[in-house]
Amino acid sequence: MGDQGVPIAVYSTGTANCIGKEFEIPRNPELFCRMIDDAHTITLDVAEVVGRRRFHSFVGVGFDAKVVEELAKHRTGAIVMSAYARPILTALRSYAWPKVAVEVDGEEVCREASFVIVSNIRNYAIMEAAPAALATDGLLDVCIFQKPGWFALARYALGAFTRTHTKDRDVIYVQGRRVRLSTAADGVPLQVDGDQGGYLPADLRVIPGAVRFVVPAHVARRLGGSRTPLERLHRRGSRRAPAPGGATPRHHAVVA
Ligand SMILES: [Mg+2]
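For every chain, the first residue of its written sequence is number 1, and the numbers climb from 1 along that sequence. A pLDDT threshold of at least 70 governs which residues receive local features in this predicted model, and a stricter bar of 80 or more applies before side-chain atom pairs are shown or counted, although totals over entire chains, interfaces and linings include all residues.

Chemist: Is there a simple way to think about unusual backbone geometry in this case?
Modeler: Trans peptide bonds make up the majority, and among non-glycine residues the majority have a negative phi. Of note, the amide linkage connecting L200 to P201 takes the cis form, showing an omega dihedral of 5°. Mapped onto the secondary structure, P201 falls in the loop between strand 14 (195-199) and strand 15 (202-214). The backbone of E24 sits at a positive phi, close to 55°, despite the residue not being glycine. Helical segments are the DSSP runs of H or I of at least four residues, strand segments are the runs of E of at least two, and each set is numbered from the N terminus. Mapped onto the fold, E24 is located in the loop between helix 1 (18-22) and helix 2 (29-38). Of note, D105 is a non-glycine position whose phi angle comes to about 50°, a positive value.

And the structure:
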């Protein structure tokens, strides 16, 4: 990602399809093609786990990352929701609730978090963890759940389903450009866009306006996007990334 000259269109065929939901990308192939033809784009922030990889949606540290770590041990290819059942059971038996320190823009926000989500978008799997997130504002949204334990986690999950968790007194919700996640414990994993993303400590930073992203017209209007005539997209595509054999790439279509 990151080539401003070639807008990206994502057709959702994944498990959670968070990006597709966030930007209301049509699943109907005909409507999807019409969206590309309409050529409305927004300039989207991405983010980076510094020194490791970029991400478009979110990073999680806590029970979710433990589940993803367990899943990664046995995963052989594409997954479906039911593939999470065994890793969840394993994590339920073994998760030790390590304490995580969270710094945002150089300031300590929480010393003993139990679960942290740093997000570029509102959606998080089947819930909405970062309701104030906007992928065009140059900021990351940081949602910190402080209390450890299954009872607290169940309460937080219910809150995220009903979009009331940010009112919970144990939840800290802030925004910033740089986030540092660290811990004194060993082997605390993080998940990055739903994949195993290594272990703490981790430094995250937003990369404002890194990608031009094709969205439906009404989403472009809501997020301050613009319409780029398709001919111009073609010219930019051919100038920046000539395809083998002379064909001109119109968009990078990413299946996620
Ligand atoms: Mg943002």
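On we go.
Chemist: In this structure, what is going on with the pairing of strand 12 (residues 178-183)? I would like to understand it.
Modeler: Note on strand geometry: in a regular strand, side chains alternate between the two faces of the sheet. For two strands to be treated as a pair, DSSP must find at least two bridges joining them. As judged from the five bridges shared by strand 5 (residues 100-104) and strand 12, these two strands associate in the antiparallel manner. By the bridge assignment, V104 is partnered in strand 12 with V179. Note: strand 12 against strand 15, four bridges, orientation antiparallel. The residue of strand 15 that forms the bridge with L181 is A202.

Chemist: Explain the sheet that holds strand 14 here, please?
Modeler: Paired through their backbone hydrogen bonds, the strands of a sheet run either parallel or antiparallel. The strand order 11-10-7-4-13-14 describes an open sheet built from six strands, whose pairing is antiparallel. Looking at the sheet topology across the chains shown, the edges are occupied by strand 11 (171-176) and strand 14. Averaged over neighbouring strand pairs, the angle between their axes works out to 20° when direction is ignored. Contacts from helix 3 (residues 63-74) reach strand 4 (58-61), strand 7 (115-119), strand 13 (189-192) and strand 14 within the one sheet, and its direction differs from that of strand 13 by about 85°. Helix axes are fitted only over the stretch in contact, all axes being lines through C-alpha atoms; the angle between N-to-C directions runs from 0 to 180 degrees. Think of it this way: build a C-beta for each residue from its backbone, and any pair within 7 Å is a contact.

Chemist: Would you take a moment to explain the packing of helix 3 against helix 4 (residues 85-94) for this structure?
Modeler: For any two helices packed against each other, the geometry is given by the interaxial angle and the distance between the axes. The N-to-C vectors of helix 3 and helix 4 enclose an angle of 125°; their axes lie 8 Å apart at closest approach. If you check the angle between helix 3 and helix 4, you find them oblique. The hand of the helix 3/helix 4 crossing is right-handed. Counting all contacts with helix 3, which are made through F63, K66, V67, E70 and L71, the residues of helix 4 involved are P87, I88, T90 and A91. Across the contact of helix 3 with helix 4, the residue classes break down as six nonpolar, one polar and two charged. Every angle not falling under 35 degrees, over 145, or within 65 to 115 is termed oblique; those three ranges are roughly parallel, roughly antiparallel and roughly perpendicular. Should the near helix be turned counterclockwise from the far one by less than a right angle, the crossing is left-handed, whereas a clockwise turn marks it as right-handed. Charged means Asp, Glu, Lys or Arg here, nonpolar means Ala, Val, Leu, Ile, Met, Phe, Trp, Tyr, Cys or Pro, and polar covers whatever is left, Gly included.

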